[in-house]
Amino acid sequence: MKCLVIGGAGPVGVSLLYLFKALGWTAAVVDPLRPGHWPVHAEALRGTVEGWTEQKYTLDDLRARLATEAFDAVIDLAPTFDKRRSVAVCDEAGVSLVNSTMVDWTEDIHIAAYNFLDRRPEAARRPHIVAAGMNPGAVNAMAEEIIRQTEPPDAIVYWEYDDTMPGCGRFRGPSITWCLSESAAEITEDWNFEVLEEGTVLLHEDALDWPLQKLGHAGVPMDLVPVPPAAEGFLIGHEECVYMGWRHDTAVKFVYGFHPENMRLIRAAGYDVKPELLVRGPHEELIGRDIVGVACRFDDDWRGQYCLLENSPEIPLDSNATCALVAAGVAAAVKVLAEAPPKPGVYLTHELKGYAAAFREMVYVHEYELIDGVSRLILPTVAPVRAPLLGGRPSDQNQLSA
């Protein structure tokens, strides 16, 4: 696959380029910036990155590029692109588009998600896969897989616990592991919401002003994952809640927790929070991990899936575990286009039969059930042929407990 990556200098783009290298694909990158340690990446990605345009693209720039150069897919990681119009531009050029969200900086999250469901963009020439990051992309595919095996649940809870911190073991201040502007806005500015039954979206002012949520009450398998018993998270409005709440007529919410000290620092900073972006550097490793999952509730019991990725030297410089998971979700969508492309149209990940399998080639997905307060891993009947590109293999202890 030869792809045009728009916005490839950020921590998601960096991890995506290394996944491209592992998969034997190539990329031309457009970004006015370069990753912080570009000389290291330039050497490591020789033969993968075929060119770098230091420019902030508009859709007219994209249209002109696609008219003169052939690509198998465009990867949109730019928050400034109009997500609906970018689909149209790519389809007119006969090139598939993959993005990690259908929300751009101009629209409220719940409105953008509603507009996608109400008026799905049209495409007649090529298949396009949208909202294909970790969440909503991978977690929606996980939820759909559970529901296909069982029945529509009484509730769906997406959950995430990120205890990434500097290798010294101390936070310098409020910290985050993805886009600084978007992450701060998600907590302090954006409408906070959850989806109730019958598709009702219940809006709250913002996540910072709303009561914290106990992860232990959210279907998280607390005895299988390294999450503190008293851990809490913010209730965050995410587009996957709208997609799956309306699809299955059920209540859906997303709970996002951090290391307890980081939670304290974020809340203490309040509406003036200016978090530090934690990425790997040559002289400072990251420790901790990101755990992202989904729990479907059936009466008082839960069935769920999750990914756990440790921060380690295997993750590229200028990135982290959180962004590597997002990149895996995007790469899985590209893999579907490369190996089993659907007919022309615009798809969410949970609508594609091959997406979950493609994602499992990037990251281990652990399935569990939580019954009467006791969680148990459900081991796959068929082991993967090889370790996924990002690893995350269950520990021996967890395998024995299943």
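In this text the structure is predicted, and so the values were computed from the model without any measurement. (Residues numbered from 1 in each chain as written. Predicted model: local features only at pLDDT ≥ 70, side-chain atom pairs only at ≥ 80, totals over all residues. Heavy atoms only, no water.)

(A) Region of interest: helix α4 (residues 83-92). The set of residues buried in α4 consists of K83, S86, V87, V89, C90 and D91. Along its buried surface, α4 packs onto α3 (59-68), β4 (73-76), β5 (96-99), β6 (127-130) and β19 (345-348). The N-cap of α4, judged by a side-chain oxygen 3.1 Å from the amide nitrogen of R84 a few residues on, is D82. G94 lies just past α4 and shows a positive phi near 75 degrees. (Buried < 20%, exposed > 50% of the residue type's maximum accessible area, 1.4 Å probe, protein only. Helix = DSSP H or I, 4+ residues; strand = E, 2+ residues; numbered from the N terminus. Contact = heavy atoms within 4.5 Å. Polar contact = N/O pair within 3.5 Å; in protein donor to acceptor, adjacent residues only side chain to side chain.)

(B) Spotlight on the packing of aromatic side chains. Counted by the stated rule, this structure contains 10 aromatic pairs. With centroids separated by 5.9 Å and ring planes inclined at 55 degrees, the aromatic side chains of Y306 and Y368 adopt a geometry described as tilted. Of this pair, Y306 sits in strand β18 (residues 301-310) while Y368 is found in strand β20 (residues 366-371), placing the two residues 62 residues apart along the sequence. Classification of Y306 as buried rests on a relative accessible area of 2%. On the basis of relative accessible area, Y368 is assigned to the buried category, the value being 0%. These aromatic residues form a ring-pair network of at least three members: F234, F254, Y256 and F258. Residue placement shows K2 over the ring face of F71; its charged tip is 5.0 Å from the ring centre. (Phe/Tyr/Trp six-rings, centres within 6.5 Å; stacked < 30°, edge-to-face > 60°. Lys NZ or Arg CZ within 6 Å of the ring centre and 35° of its normal.)

(C) Fine view of the pairing of strand β3 (residues 49-53). Summarising the sheet, strand β2 (residues 26-30) and β3 pair through four bridges and their orientation is parallel. Bridge assignment links A28 to a residue of β3, and that residue is G51. Tracing the backbone out of β2, into helix α2 (residues 38-44) and back to the parallel element β3 gives a crossover that is right-handed. (Pairing = 2+ DSSP bridges. Right-handed = clockwise from strand over helix to strand, strands pointing away.)

(D) Structural context of the state of the cysteines. For the coordinates displayed, the defined rule picks out zero disulfides. In this structure C323 is a free cysteine whose sulfur lies 9.1 Å from that of C179, the closest cysteine sulfur available. The exposure class assigned to C323 is buried, which follows from its relative accessible area of 1%. (Disulfide = S-S within 2.5 Å.)

(E) Representation of the pairing of β18. Where burial is concerned, most of β18 is hidden: eight out of the 10 residues are buried. As defined by bridge partners, strand β17 (residues 289-298) adjoins β18 across 10 bridges and the pair is classed as antiparallel. Note that in β18 the partner of D290 across the bridge is L309. In this sheet, β20 lies alongside β18 in antiparallel orientation, the contact comprising five bridges.

(F) Just the environment of E194, in detail. Inspection of the secondary structure puts E194 in strand β10 (residues 192-195). Between the C-alpha atoms of E194 and E239, which are 45 residues apart in sequence, the distance is 9.9 Å. Those residues in contact with E194, other than ones at most four positions away along the chain, are T200, V201, L202, H204, L235, V252 and K253. Within the structure, the side chain of E194 is placed 3.1 Å from the side chain of H204, a separation counted as a polar contact.

(G) A look at the environment of V201. Tracing the chain through its elements places V201 in strand β11 (residues 201-204). Those residues in contact with V201 that lie beyond four places of it in its chain are H110, F193, E194, V195 and W246.

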